[in-house]
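Descriptive analysis of the structure
As a plain string of letters, each chain reads:
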Amino acid sequence: MEDCFSSDEDYFDSDRDLLDGLENEESAEEWVPPKGSSTKVITKESLLVAQREDLRRVMDLLSLREHHARTLLIHYRWDVEKLFAVLVEKGKASLFMEAGVSIVEHQDPDSLLPPSTVMCDICLEEIPGSEVTKMGCGHCFCNNCWTEHFVVKINDGQSKRIKCMAHKCNAICDEAVVRNLVSKKHPNLAEKFDRFLLESYIEDNKRVKWCPSTPHCGNAIRIEDDEFCEVECSCGLQFCFSCLSEAHSPCSCLMWELWVKKCRDESETVNWITVHTKPCPKCHKPVEKNGGCNLVSCICGQSFCWLCGGATGRDHTWSSIAGHSCGRYKGDREKKSERAKRDLYRYMHYHNRYKAHTDSFKLESKLKESIQEKVSISEERDSQIRDFGWVTNGLYRLFRSRRVLSYSYPFAFYMFGDELFKDEMTKEERELKQHLFEDQQQQLEGNVEKLSKFLEAPFEQYSEDKVMEIRMQVINISTITDNLCQKMYECIENDLLGPLQLGIHNIAPYHSKGIERASELPASWGNKDNTSDKAHGGTTDSDQPSGSGSSYEIGFPPHKRAKKEEQGDRFFDLNLPAEFVDRSDI
C-alpha cells in the first residue's frame with residue numbers, strides 16, 4: 001500500500017508535455033488555453049509590479065501616498081474589495097483608524113521647524129532637535145530610541161506593521177523613516193525590512209500563494225476568482241490552490257488529506273491487527289487467537305487470558321482458567337472485531353480500484369512514443385487520411401478522464417462512509433445517493449476502458465476504412481467521457497455535497513480542457529505609471545525598498561530563488577505526467 005501511494009505524485013504532478021510532437025496545426029489550436037488567463041504567475045521580477053497594481057487602486061481612490069496605501073492593504077490582507085467595502089460602510093476616518101494610518105491634512109508651518117532641544121520620553125534625555133523624529137501621529141522621540149525600537153520589531157518579524165512607541169498609540173510608523181534610520185546602523189536589517197514589506201503581498205494575501213514545488217521554483221500564483229481551484233505554475237507543477245497539495249478533484253481538500261494519511265499510515269491494517277490480536281504480556285508481540293479456548297500461548301512460552309490479556313498459568317478447562325477470572329463479556333469483542341474487519345474490506349475495495357486506475361494511468365502514459373511511431377508510419381503511407389489530430393485529442397481525453405476516475409474512489413470512500421457524514425444522511429438517502437454516483441462512475445469507467453482499447457490498437461496496419469472507423473469511435477467516446485466527467489462533477493456539487501449542512505467540502509470545478517496554466521505577469525512599468533506615483537506623492541523607483549541592492553533582487557528570500565528553466569513560448573496545455581516531458585525541446 002505504501003509504495004503505491006508514494007508514486008502517485010510522480011505521475012500526477014503535471015500532465016501537459018506528454019503530447020508534445022503529436023499535435024498538428026488543427027489540434028493545437030483546439031487545446032491552446034484561452035488568452036488572458038485570470039491566473040497569474042508572479043516571479044521575483046514581477047512581484048513589485050503585482051503589489052503596485054493594488055497599491056495604485058487605493059492610492060487613486062483615496063489620494064494617499066504609497067506607504068499609507070500599503071499600511072491599509074496589509075491590515076486588510078490585500079483585499080481591495082473588502083477595503084472599499086469598509087470605506088463605504090464606515091467612512092474614511094474609521095478606515096484609517098482601524099488600520100493605524102495617521103494623516104495630518106493641515107499642518108502649521110511653524111510646527112515643522114524642529115525645536116533646539118527635545119526631551120525624549122523613552123530615554124529621558126535632552127536631545128538636539130536635529131536628532132529627533134516626529135511620526136505622523138505626532139509623537140516625537142530621539143533617533144536612537146526609534147532605531148532600537150525598529151530593530152527589535154524587525155528581528156521579531158513584525159516589520160510589516162511597526163507601531164509607534166507611545167503608550168496606547170496604534171499608528172503605524174512611516175516605512176521611509178524606518179528604512180532611513182535602520183539603514184544607517186544596520187543595512188542588513190533594512191534589506192530584511194524591505195523584503196518583508198514586498199513579500200507581504202504573498203504572505204498576507206489570500207489570493208496569492210507560493211508554488212509548492214520542490215525544489216522551489218521561486219514563483220507565486222495569484223488567482224482572481226474562487227480559491228477552490230486547481231492551477232498550473234509555469235514550472236509545470238499542478239496543484240490545488242486551496243490546500244497546496246497535488247490536484248485532487250473531485251476529492252475535497254479534507255477528503256484528500258484523510259486519504260493521504262490513511263494510505264501512508266496503513267491505518268486500517270493497523271486497526272485490524274489491533275482488534276484481531278492481543279499483545280503478549282511478556283514479549284509484547286501481537287498474538288492471534290486460532291481456537292476457541294481463551295487460554296492463549298505465545299511463541300515465547302508465556303500463557304495469558306485472551307479476554308483480559310493478563311498472564312496466567314497453563315491449567316485450564318474449556319470454559320475457565322484455574323485461579324483466574326476476569327468476567328469480561330466476549331460478545332462485545334466479537335462485535336468490535338466484525339466491524340474492524342468490515343471497515344478494512346471496505347477500505348481495500350476503494351483503495352484497490354484507486355490504485356488500479358493509477359497504475360493504468362502510468363502504463364497509458366507510455367503510449368506517447370508508440371502513438372508517435374504509429375502516426376509517422378500512417379503519414380508515410382499513400383493514404384487520403386492526413387489528419388491524425390483525433391489521436392492526440394483522444395489520448396488527452398483518456399488521461400484526463402482516467403485521472404478523474406482515479407480520484408473519484410477516495411471521494412466515494414468518504415462520501416458514503418461514516419467518518420465524515422454519518423449524521424448528515426439517513427441510511428436510505430445514503431444508499432440512494434451511492435447508487436446514483438456508482439452508476440455514473442461505472443459508465444465513465446466503461447467508456448474510459450473502451451477509449452484506451454481503441455488508442456492502443458495498431459491502426460497503422462489497418463486499411464483506410466478500418467482507420468476511419470476507429471477514428472469515429474475515438475471521437476465519439478472522447479465526447480462521451482468528457483460529458484460523463486462533467487455530469488459526475490455536477491452530481492457531486494449539486495446532489496451529494498450541495499445539500500449537506502457541513503459546508504467545508506468544496507471541490508475544484510471541472511474543466512474540459514484541463515487545469516488552466518497561469519500566465520506570467522509582466523515585470524515592467526510604463527511612463528504613465530511612474531507619473532501617477534509621483535502625482536500621489538508615492539515613491540519612485542529610486543525610493544523603493546532597496547537596502548544595498550535593487551528591490552527586484554530582494555523580492556524573494558534566498559531559499560526561494562531557485563533557478564527556473566526557460567521554456568520559451570511553448571504551451572503546456574494537457575494534463576500529463578512531468579517525467580514524460582521531452583526536456584530536449586525546452
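The structure displayed is predicted, hence computed values, not measured ones. (Residues numbered from 1 in each chain as written. Predicted model: local features only at pLDDT ≥ 70, side-chain atom pairs only at ≥ 80, totals over all residues. Heavy atoms only, no water.)

Let us now look at the overall build of the protein chain. Tallying secondary structure elements over the protein chain gives 19 helices and 16 strands in all. In the protein chain, which comprises 586 residues, the share counted as buried stands at 48%. Counting every atom, the protein chain has about 29,600 Å² of accessible surface; 49% of that belongs to carbon and sulfur. (Helix = DSSP H or I, 4+ residues; strand = E, 2+ residues; numbered from the N terminus. Buried < 20%, exposed > 50% of the residue type's maximum accessible area, 1.4 Å probe, protein only. Areas by Shrake-Rupley, 256 points an atom, 1.4 Å probe, with all protein chains shown as cover.)

The strand order across the open sheet formed by four strands is β6-β7-β1-β16, and the pairing between neighbours is mixed. Edge positions in the open sheet fall to β6 (208-210) and β16 (519-520), since each of these has one partner strand only. Note that strand β1 (residues 40-42) and β16 share two bridges and pair parallel. Residue pairing in the sheet places Val 41 in a bridge with Glu 520 of β16. Packed onto the sheet, helix α10 (residues 187-203) meets β1, β6 and β7 (220-222) and runs at close to 105° relative to β6. (Pairing = 2+ DSSP bridges. Contact = heavy atoms within 4.5 Å. Axes fitted to C-alpha atoms, helices over the stretch in contact; angles between N-to-C directions.)

We now examine the nonpolar core. Within the largest apolar cluster, 58 residues are counted, with the highest numbers of intra-cluster contacts made by Val 58, Leu 62, Leu 72, Leu 83, Leu 95, Trp 146 and Phe 150. Core analysis: the second largest hydrophobic core is formed by 55 residues, Cys 263, Tyr 347, Ala 412 and Met 488 among them. (Core = buried A, V, L, I, M, F, W, Y, C linked by side-chain atoms within 4.5 Å.)

Applying the stated criterion to the full structure yields 17 aromatic pairs. Taking 5.2 Å as the distance between ring centres and 80° as the angle between the ring planes, the aromatic pair formed by Trp 78 and Tyr 201 counts as edge-to-face. One end of the pair, Trp 78, is in the loop between α5 (66-75) and α6 (80-90); the other, Tyr 201, is in helix α10, and 123 residues separate them in sequence. Owing to a relative accessible area of 0%, Trp 78 belongs among the buried residues under this scheme. Considering the side-chain rings of Trp 256 and Tyr 354, the 6.4 Å spacing of their centres and the 65° angle between planes classify their relative orientation as edge-to-face. (Phe/Tyr/Trp six-rings, centres within 6.5 Å; stacked < 30°, edge-to-face > 60°.)

Every α-helical turn comprises 3.6 residues, leaving residues that sit three or four positions apart pointing alike. Relative to the 18 Å expected for 13 residues at 1.5 Å per residue, helix α8 (residues 143-155) spans 18 Å between its end C-alpha atoms, a close match to the ideal helical length. Listing the buried residues of α8 in full gives Asn 143, Cys 145, Trp 146, Thr 147, His 149, Phe 150, Val 151 and Ile 154. Contact partners of the buried residues in α8: β4 (132-134), β5 (140-142), α9 (175-185) and α10. A positive phi of about 80° marks Gly 157, the residue just after α8. (Expected span 1.5 Å × (residues − 1).)

Averaged over all residues, the pLDDT of the protein chain is 77; the fraction at 70 or higher stands at 75%. Predicted confidence for residues 1-13 stays below pLDDT 50, and this span has 36 contacts to residues more than four positions away or in other chains. Long-range and interchain partners of residues 526-586, a stretch whose pLDDT sits below 50, account for 145 contacts in this model, where long-range means more than four residues apart. (pLDDT = per-residue confidence, 0-100.)

Okay, the sheet that holds strand β12 (residues 295-297) next. Pairing is antiparallel across the open sheet formed by three strands, whose spatial order is β12-β13-β14. Each end of this open sheet is capped by a strand with a single partner; those strands are β12 and β14 (311-312). Strand direction decides the pairing type here: strand β13 (residues 303-305) and β14, joined by two bridges, are antiparallel. Following the sheet pairing, Ser 303 is matched in β14 by Thr 312.

Let's shift gears to empty space enclosed by the protein. Summed over all chains, the structure comprises six cavities of 30 Å³ or more. Quantified by volume, the largest cavity comes out at close to 90 Å³. Taken together, 13 residues form the lining of the largest cavity, with Lys 160, Ile 172, Cys 173, Glu 175 and Leu 197 sitting closest to its centre. Counting residues per element, the ones that place at least two in the lining of the largest cavity are α5, α9 and α10. (1 Å grid on protein atoms, 1.4 Å probe; cavity = no way out; pocket = protein on both sides within 12 Å on 5 of 7 lines; lining within 4 Å. Points joined across faces, edges and corners; volume = space filled by probe spheres on them.)

This part covers the environment of Cys 120. Among the secondary structure elements, Cys 120 is positioned in the loop between β2 (117-119) and β3 (126-128). You can call Cys 120 buried: its relative accessible area is 1%. Sequence spacing of Cys 120 and Cys 142 is 22 residues, and the spatial spacing of their C-alpha atoms is 5.8 Å. Each residue touching Cys 120, except ones within four places of it in the same chain, is listed here: Glu 125, Ile 127, Phe 141, Cys 142 and Cys 145.

With that out of the way, let us pick up the pattern of salt bridges. Using the criterion set out here, one finds 19 salt bridges in the structure. Note that Arg 179 is salt-bridged to Asp 194, the shortest N-O span being 2.8 Å. With Arg 179 in helix α9 and Asp 194 in helix α10, the pair connects residues that are 15 residues apart, well separated along the chain. Just as Arg 179 is buried, Asp 194 falls in that class too. (Salt bridge = Lys/Arg side-chain N within 4 Å of Asp/Glu carboxyl O.)

The next point concerns the side chain of Thr 481. Counting through the fold element by element, Thr 481 comes out in helix α18 (residues 464-496). Beyond its immediate chain neighbours, meaning those up to four positions away, Thr 481 contacts Arg 397, Ser 401, Leu 444, Asn 447, Val 448 and Leu 451.

So, about the packing of helix α17 (residues 427-455) against α18. The geometry of α17 relative to α18 is characterised by a closest axis approach of 9 Å and an angle of 160° between their N-to-C directions. Relative to α18, the element α17 is oriented roughly antiparallel. Taken as a pair, α17 and α18 cross one another with a handedness that is left-handed. Per-class residue counts for the contact of α17 with α18 are 17 nonpolar, seven polar and four charged. (Parallel < 35°, antiparallel > 145°, perpendicular 65-115°, else oblique. Left-handed = near helix turned anticlockwise from the far one by under 90°. Nonpolar A, V, L, I, M, F, W, Y, C, P; charged D, E, K, R; others polar.)

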